[in-house]
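# Examining the three-dimensional arrangement
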Amino acid sequence: METVLKIEKIEKYYGAKSGLTKALDNISFEVTGGEFTAIMGASGSGKTTLLNCISTIDRVTSGHIYVGDMEITKLKRAALSKFRREELGFIFQDFNLLDTLTSYENIALPLSIQNIPVKEIKERVKKAADQLGITEVLSKYPYQMSGGQKQRVAAARAVITLPKLVLADEPTGALDSRSARQLLEVLNHLNTWFASTILMVTHDPFTASYAGRVLFIKDGKLFHELNRGNDTRKQFFEKIMDVITLLGGDVSDAL
Amino acid sequence: MLFKLSLKNVKKSFKDYAVYFATLTVGVAVFYVFNAVETQAVMLNVMQKSGDFTKMLSGMLSGVSILVSLILGFLVVYASRFLMKRRKKEFGTYLLLGLGKWKVSMILFWETLLIGGCSLAVGLLTGVVLSQFMSLFVANLFAADMTVFKFLFSRTACEKTIIHFVIIYLVMLLFQTFEIGRCRLVTFFHAKGKSEEIKMRNPWVCILVFVIAAGMLAYAYYQVTGNVENLHSAKAIFSLIIMGIVSTFLLFWSISGFAFKLVSIFEKYYYKGLHAFMFRQLASKINTTVCIMSVISLMLFLTICVLSCSLSVKNSMDSMREHLTPVDIIIHKRISLEDGESEEIMTDALGMGGFSYNEYTKEQLEGLPLSIKETYGAMEIDLSRYFTREENFYVYSIPGMTIGDLFEKMGEDMTESEVWFYMNKVLRLVKVSDYNRLMALSGKKGVKLSADEYMVMANLPDMVKAWNLFLQADIPLTVSGNTLYPAGNACREGFLVMAANYTEHGFIVVPDEAVSEMNPVYEYLAANYNGKSKEEKREIEKIVTLQDVYEYPESYSTWVSLNTKIDVTDAGMGIGGIITFLGLYLGIVFLLSSAVVLALKELSEYADNIERYQILRRLGTDEKIINRTLLGQIGIFFGTPLILALVHSVFGIRFLLYQLRTFGREGLLSSVLETIAVFLIIYGGYFALTYACSKNIIKDKRAS
């Protein structure tokens, strides 16, 4: 499989000289196509900063990030928009759906922006909605839906353009456990049906256990890596818990 | 303690409060400025003279004042709702911490007191200052004499403002307390995520409402234009205004309903770029948007009408006055009377508007055969000292011949016509050389006349019509044996007496030879004052117009009639001046208010919009497309009310011009168009400014 994401020695500093904070400290890793990767860490460990840098919302202080063969750390502003709309899909903790649009319009929006013909938009939205089980809420507005439905709509929006990389920032953070489980199933499906490469940031070991691979971050550094291999989800979950225990009290507040 | 909390709240979320505070302040200021118009109007010299003015003004303003109150009330409620929504979470936290609802209301009370008190004080101050500048500015537009700048403070306006806003604040407070009392705790925390509920309206209902509204408007339009002659009572006009307001609102309501439906049917357009987003943005606050659009549309309509009409009245009055008062003074005196005839001279004996008639007979007149200069001389006034250039000339008449006698030759009975009144007037003749000398003094072109021609001069519109009809009949006129034919078939514009508007019913210019053997009836003396500054001229005016009438023997002073440029100019300031002043003043108030409403709407939505545009950016939308969407959105928001306002204005201006028709119509259309052009530039500028500000607000703050 080709490498979809390649991160090389990235660093990110915040603040001025006196109160310098190292949010990311020399992190390197790779994600190959079709992988479902989770990044785990306590709050303040730098995981969200890492995601923001990958999604080009934030810039790194040093180092390189490649998506495909494109070095996105060197892209200009206009090219960044193009990159985001064509190569990336987003799922956020707070859904980030446009509250003025219906689900259908929300899902169709990335396609509209790319000027895809209406006919194709219709087909693709319908297909995605079918697979994610949100056909009946297509004409509803975000405020009329439950959190789980909203997150599935957001997931549909993230994959509708068939992006190289889907970034998910605490996707289950705002959901109850049942909805969370449903969403994670959906992500798994995206991973298999759409062959989407998913990079998910979470502090929740249960959520992380759905991934195929988990990277642990502590104080801006890569701390440990786990591969699920042929483990069952439960076994993998226990392995993750072990690492968290190893990490100490830092992550325990997440449980 | 609670007061401290209120104080801290205001300090803490200053940005939100700033919008609120600004709205209230501007509201107070506009309200004061509007109500102070009566006091400010006194700035214009002439308005001190007319005592009835205040009464008439109050009557005229009461209707508009209701509208202003409504608009301001709407503004304040809108601003307070905006703030309440923003703060629900905060209130929720208080309640969660165990603060009673009553105590939360107390916090609100202190805050309202704080903000309300400050905004009232600052607003009143702003209003007082603003009203001074406004009336200075407006009064400056008048060429006429203006009193020296006076600082005017209107106590009634101030009291009215305070009472009005205290009531508004109290109502607002009650409303807020009620809202807090009604809400369950949970709703406070969900307040942010819940936007105005989006309900699609039934398109058929919308179309029905649209048809009704359009019908109502068409009826109102017809009433104020086609049927305007039958429109007399204020009640009828008032009901038409109400009809206009209601139908404007319904029109926006219905259009917003089915326009969205219509757009979404065209999927190819709707699902292209950010079109869906743009229309949803507009539709998301449809109720608020419809309200604001209606208010803006009505205010724009008022602004356009009031500004353009008052400016065109002013322009036309200015140019007319300039044209009708070419010299400083024209004096005339009867110098001969027919047997048995007597002359009535109207005198303002006390100089206070109490007119009396003086009558004198042929014997009296011929007993003292003095020219104008000799008459002044008898009063020990040497006119040549006061005049730079002067021309004197005579008016002749054919004994016993009236204008009516002349028209009779045409074979038409004019006694039943609109101009019957002038048919009894003596037909006046003026030598062409005399007339040309007057024209030369006036700085105007003279006329050419052949030995067998005559020419009619008039400017009273109805008589001009009558004369034209007469001249087309090509009827010869016999003056002491000479037969004269009309030169051309239309009467010329001309006058012998200076006035603020068209009053000359007509005299006839004839070749010099035709009247060489006749005795003149009147002597005329036209002259310019020998003074450079306004003050010098006013001094001369005082002397030559015999204002201290008691110093002179009545037998002399009452024999001359005169009219002067200064007098006409001052008089012209009367009703026309009031209209213009009011129009400009109110126009500016309306323009200001519309700007405030629009700005408030933009500001109050900025937070929601930042978030939405941030999402769009994350989805990878180009800045260019985002800006274009923003432009489209603001464009629709600005454009739609303007279009309706312009349509309204076409009819409104026609109606107003009909009502103001006595003020002359010279270049009315062009000045209306000019005003609208200037207005559009200002509005367009405001549009550009709003676009720039909104662009700045939604700009990606993180420099990526």
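### So, the overall build of chain B
Counting secondary structure elements, chain B contains 26 helices and 12 strands. Taken over 704 residues, chain B has a buried fraction of 51%. When the accessible surface of chain B is split by element, carbon and sulfur atoms take 63% of a total near 33500 Å².

### Concerning the overall build of chain A
A tally of regular secondary structure across chain A gives 9 helices and 10 strands. Residues classed as buried in chain A amount to 56% of the 255 residues present. Entry remark: accessible area of chain A is about 10700 Å², with carbon and sulfur atoms responsible for 49%.

### A few points about the interface of chain B and chain A
In this complex, chain B contributes 30 residues to the contact, which on the side of chain A involves 31 residues. For the pair chain B and chain A, the summed buried surface comes to about 3000 Å²; carbon and sulfur atoms form 57% of the total. Joining chain B to chain A, the criterion identifies 4 salt bridges. Counting across the interface, chain B meets chain A through 10 residue pairs in polar contact (both at pLDDT 80 or more).

### Examining the sheet that holds strand β4 (residues 62–67) of chain A
Residues and elements named next belong to chain A. The 4 strands lie next to each other as β2-β1-β4-β5, forming an open sheet whose pairing is antiparallel. The open sheet has two edge strands with one neighbour each: β2 (21–32) and β5 (70–71). Summarising the sheet, β4 and β5 pair through 2 bridges and their orientation is antiparallel. What sits directly across from V67, in β5, is M70. In the packing of helix α1 (residues 47–54) onto the sheet, the strands contacted are β1 (3–14), β2 and β4, and the crossing angle to β1 comes to about 120°.

### What to know about the pattern of salt bridges
Residues and elements named next belong to chain A. A full pass over the atoms with the stated rule returns 24 salt bridges over all chains. Two residues, D58 and K12, come together in a salt bridge whose shortest N-O distance is 3.3 Å. Taken together, the residues D58 in the loop between α1 and β4 and K12 in strand β1 connect sequence positions 46 residues apart. Here K12 falls in the buried class, since its relative accessible area comes to 10%. Of the charged contacts, one joins D130 and K126 as a salt bridge, the two residues approaching to 3.9 Å between their closest N and O atoms. One end of the pair is D130 and the other is K126, both in helix α4 (residues 118–132) and 4 residues apart, which spans about a single turn. Using a relative accessible area of 45% as the deciding quantity, one classes D130 as partly exposed. Classification of K126 as exposed rests on a relative accessible area of 53%. Here the residues in one salt-bridge network are K22, D25 and K221, joined through shared partners.

### Observations regarding the packing of helix α5 (residues 147–159) of chain A against helix α6 (residues 177–193) of chain A
When two helices pack together, their arrangement is given by the angle between their axes and by how far apart the axes lie. All names here are of chain A. Two elements in contact, α5 and α6, have axes whose closest approach is 9 Å; the angle formed by their N-to-C orientations is 15°. The pairing of α5 with α6 is recorded here as roughly parallel in orientation. Handedness of the crossing formed by α5 with α6: right-handed. Mapping the contact onto sequence places G148, Q151, R152, A155 and V159 in α5 and S179, Q182, L183, V186 and L190 in α6. Residue classes in the contact of α5 with α6 are distributed as 5 nonpolar, 4 polar and 1 charged.

### Overview of the packing of aromatic side chains
By convention here, two paired aromatic rings are described through the distance between centres and the angle between planes. Using the criterion set out here, one finds 26 aromatic pairs over all chains in the structure. Look at B:W467 and B:F470: their rings are 5.8 Å apart centre to centre, the planes differ by 80°, and that puts the pair in the edge-to-face class. Here B:W467 and its partner B:F470 are both found in helix α19 (residues 461–472), 3 residues apart, which amounts to about one turn of the helix. Just as B:W467 is buried, B:F470 falls in that class too. The ring of A:Y66 is capped by A:K6, whose NZ or CZ atom sits 5.5 Å from the centre of that ring.

### Focus on unusual backbone geometry
Backbone geometry at A:K9 places phi at a positive 45°, although glycine is not the residue there. Structurally, A:K9 is set in strand β1. Residue A:K9 is classed as exposed on the basis of its relative accessible area, which comes to 57%. Even without a glycine there, the phi angle at B:D474 is positive, about 55°.

### Considerations on the pairing of strand β8 (residues 197–202) of chain A
All names here are of chain A. For β8, the tally of buried residues reaches 6 of 6 residues, placing the bulk of the element in the interior. With burial as the criterion, each face of β8 is covered, one bearing T197, L199 and V201 and the other bearing I198, M200 and T202. Two strands pair when backbone bridges link them, and strand β3 (residues 36–40) and β8 are joined in this way by 5 bridges, in the parallel orientation. Of the residues in β8, the one forming a bridge with A38 is M200. One ladder, built from 5 bridges, connects strand β7 (residues 165–169) with β8; its direction is parallel. Looking at β8, one finds that A168 is bridged to M200. Following the backbone out of β7, through α6 and into the adjacent parallel β8, one traces a crossover that is right-handed.

### Observations concerning the side chain of B:E391
All names here are of chain B. Residue placement: E391 occurs in strand β4 (residues 387–402). Residue classification places E391 among the buried residues on the basis of a relative accessible area of 16%. A distance of 2.7 Å separates a polar atom in the side chain of E391 from a polar atom in the side chain of R437. Setting aside its immediate chain neighbours within four residues, E391 contacts R437, L441, Y524, L525 and A526.

### Focus on the environment of A:R85
Among the secondary structure elements, A:R85 is positioned in helix α2 (residues 77–87). By relative accessible area, which is 11% here, A:R85 ends up buried. Taking the C-alpha atoms as reference points, A:R85 and A:L111, 26 residues apart in sequence, are found 8.9 Å from one another. Within the local environment of A:R85, its side chain forms a polar contact with the backbone oxygen of B:G620, the two atoms lying 3.0 Å apart. Side chain to side chain, A:R85 and B:D622 meet in a polar contact 3.3 Å long.

### Some words on the pairing of β3(A)
Residue and element names in this part refer to chain A. Among the 5 residues in β3, 5 count as buried, and that is most of the element. Burial along β3 is two-sided: the residues F36, A38 and M40 and T37 and I39 are all buried. With 4 bridges connecting them, β3 and strand β9 (residues 213–218) associate as parallel partners. Bridge pairing in β9 places M40 opposite F216.

### Comments concerning the nonpolar core
Side chains that are nonpolar tend, in soluble globular proteins, to be buried together. Among the nonpolar cores identified, the biggest contains 148 residues, and A:V214, A:F216, A:I240, B:F165 and B:Y585 are the most heavily contacted of them. For this core, the element with the most residues is helix α13 (residues 286–324) of chain B, which contributes 13 residues. Of all hydrophobic cores here, the second largest spans 32 residues; its members include B:Y396, B:L429, B:A458 and B:L471.

### Topic: the environment of B:L471
With respect to the helices and strands, B:L471 occurs in helix α19. When residues no more than four places from it in sequence are discounted, the contact partners of B:L471 are B:Y454, B:V456, B:P486, B:G488, B:N489, B:A490 and B:C491.

### As for α4(A)
Taking 1.5 Å as the rise per residue, α4(A) with 15 residues should run 21 Å; its terminal C-alpha atoms sit 21 Å apart, in good agreement. The elements touched by buried residues of α4(A) are α3 (103–113), α5 and α6 of chain A together with α11 (267–270) of chain B. Of the residues trailing α4(A), A:G133 is marked for its positive phi of about 70°.

### Notes on the confidence of the model for chain A
Residues and elements named next belong to chain A. Residues at a pLDDT of 70 or more form 96% of chain A, whose mean pLDDT is 86. Put simply, helix α9 (residues 249–252) is where chain A has its lowest mean pLDDT, 49, and β3 is where it has its highest, 92. Here residues 251–255 is modelled with pLDDT under 50, and outside its nearest four sequence neighbours on either side it reaches 7 contacts, counting other chains as well.

### Structural notes on the sheet that holds strand β6 (residues 88–91) of chain A
Residue and element names in this part refer to chain A. Strands sit in the order β6-β7-β8-β3-β9-β10 across an open sheet of 6 strands; the sheet is mixed. Of all strands in the sheet, those bounded by a partner on one side alone are β6 and β10 (221–227). Each adjacent strand pair in this sheet contributes to an overall mean axis angle of 20°, direction not counted. Where β9 and β10 come together, 6 bridges link them in antiparallel fashion. Residue pairing in the sheet places I217 in a bridge with L222 of β10. Lying over the sheet, α5 contacts β6 and β7, oriented at roughly 175° with respect to β6.

Rules used throughout
- Residues numbered from 1 in each chain as written.
- Chains lettered and ligands numbered in written order.
- Predicted model: local features only at pLDDT ≥ 70, side-chain atom pairs only at ≥ 80, totals over all residues.
- Heavy atoms only, no water.
- Helix = DSSP H or I, 4+ residues; strand = E, 2+ residues; numbered from the N terminus.
- Buried < 20%, exposed > 50% of the residue type's maximum accessible area, 1.4 Å probe, protein only.
- Areas by Shrake-Rupley, 256 points an atom, 1.4 Å probe, with all protein chains shown as cover.
- Contact = heavy atoms within 4.5 Å.
- Buried area = accessible area lost by both parts, 1.4 Å probe.
- Salt bridge = Lys/Arg side-chain N within 4 Å of Asp/Glu carboxyl O.
- Polar contact = N/O pair within 3.5 Å; in protein donor to acceptor, adjacent residues only side chain to side chain.
- Pairing = 2+ DSSP bridges.
- Axes fitted to C-alpha atoms, helices over the stretch in contact; angles between N-to-C directions.
- Parallel < 35°, antiparallel > 145°, perpendicular 65-115°, else oblique.
- Left-handed = near helix turned anticlockwise from the far one by under 90°.
- Nonpolar A, V, L, I, M, F, W, Y, C, P; charged D, E, K, R; others polar.
- Phe/Tyr/Trp six-rings, centres within 6.5 Å; stacked < 30°, edge-to-face > 60°.
- Lys NZ or Arg CZ within 6 Å of the ring centre and 35° of its normal.
- Right-handed = clockwise from strand over helix to strand, strands pointing away.
- Core = buried A, V, L, I, M, F, W, Y, C linked by side-chain atoms within 4.5 Å.
- Expected span 1.5 Å × (residues − 1).
- pLDDT = per-residue confidence, 0-100.

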